[in-house]
Amino acid sequence: MSKKRLKRRKIKENLFNKRRLIILNEDTFEETFSLKLTLMNVFIVATLGAIIITTITTFIIAFTPLREFIPGYSSTKLKKDATELALKSDSLTVALKKNEAYILSIRKVLTGQLDYAKFNKDSILSSTEEIVSPEKLKASEEELELRNDVLKEEKDAQPNKDVAPKKRSTKKSKN
């Protein structure tokens, strides 16, 4: 036989040969516990143990508040609060612009710097509104392609309405 076969055979024998694990009482040399094992069994149990411990640790971190201690993760409460504060700050910015326009118009009235031709009923509110150019509202080529792809997928997903399922006949033959 070749050397490779001999090595493989020897390794196989070492993996599957039974060995005995004995735990003795040191004072009386009485056998406390014994167990028959193979190296393969020990390897399999150690591997499965490592996999189970890793899985349990991953689930504990992923589904409990412990994940907040990992850098890069934030709590859902923090995200919700940040969203609410962003909305409030946007509305406060709009209100501040309206108030500034109102104060500016009152200052013009008090100092006598009125433009009678420009003044109308909604001048305060119209001066704070931002005008969006029509170019920004047009769909880009990428958006148009995406819309066409979605329409094609929807058409392909719809079953044919022209083809009706065939009904089985329930006629009984007479004997």
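Residues numbered from 1 in each chain as written. Predicted model: local features only at pLDDT ≥ 70, side-chain atom pairs only at ≥ 80, totals over all residues. Heavy atoms only, no water.

(A) Fine view of the overall build of the chain. The secondary structure content of the chain amounts to six helices and two strands. Listed N to C, the secondary structure of the chain is α-β-β-α-α-α-α-α in terms of helices and strands. Within the chain, buried positions represent 3% of all 175 residues. For the chain, contacts bridging at least 24 residues in sequence account for 22% of all contacts bridging at least 6. Of the roughly 17,800 Å² of accessible surface on the chain, 60% is carried by carbon and sulfur atoms. (Helix = DSSP H or I, 4+ residues; strand = E, 2+ residues; numbered from the N terminus. Buried < 20%, exposed > 50% of the residue type's maximum accessible area, 1.4 Å probe, protein only. Contact = heavy atoms within 4.5 Å. Areas by Shrake-Rupley, 256 points an atom, 1.4 Å probe, with all protein chains shown as cover.)

(B) Spotlight on a negative patch on the surface. Judged by side-chain charge, E141, E142, E143, E145, D149, E153, E154 and D156 come together as a negatively charged surface patch. For E154, the location among the structural elements is in helix α6 (residues 141–157). Look at E154 and you get partly exposed, because its relative accessible area is 45%. (Patch = residues over 30% accessible without salt bridge, like charges linked within 9 Å, V, L, I, M, F, W, Y side chains within 5 Å. Salt bridge = Lys/Arg side-chain N within 4 Å of Asp/Glu carboxyl O. Lys, Arg positive; Asp, Glu negative; His and termini not counted. Charge placed at Lys NZ, Arg CZ, Asp CG, Glu CD.)

(C) Molecular detail of the side chain of T38. Structurally, the position occupied by T38 is in the loop between β2 (31–37) and α2 (39–63). At a separation of 3.2 Å, a polar atom in the side chain of T38 contacts the main-chain amide nitrogen of N41. For T38, the residues in contact, after removing those within four places along its chain, are L15, F16, N17 and K18. (Polar contact = N/O pair within 3.5 Å; in protein donor to acceptor, adjacent residues only side chain to side chain.)

(D) Focus on a nonpolar patch on the surface. A contiguous nonpolar surface patch, about 1,200 Å² in accessible area, is contributed by F43, I44, L48, I51, I52, I56, I60, I61, L66, F69, I70 and Y73. Mapping I70 onto the fold places it in the loop between α2 and α3 (76–111). Judged by its relative accessible area of 31%, I70 falls in the partly exposed class.

(E) Region of the structure containing the pairing of strand β1 (residues 19–24). Bridge count for β1 against β2 is six bridges, and the pairing is antiparallel. Bridging across to β2, L24 finds its partner in E31. In sequence, β1 turns back onto β2 through a hairpin of six residues, with F29 there showing a positive phi of about 55°. (Pairing = 2+ DSSP bridges.)

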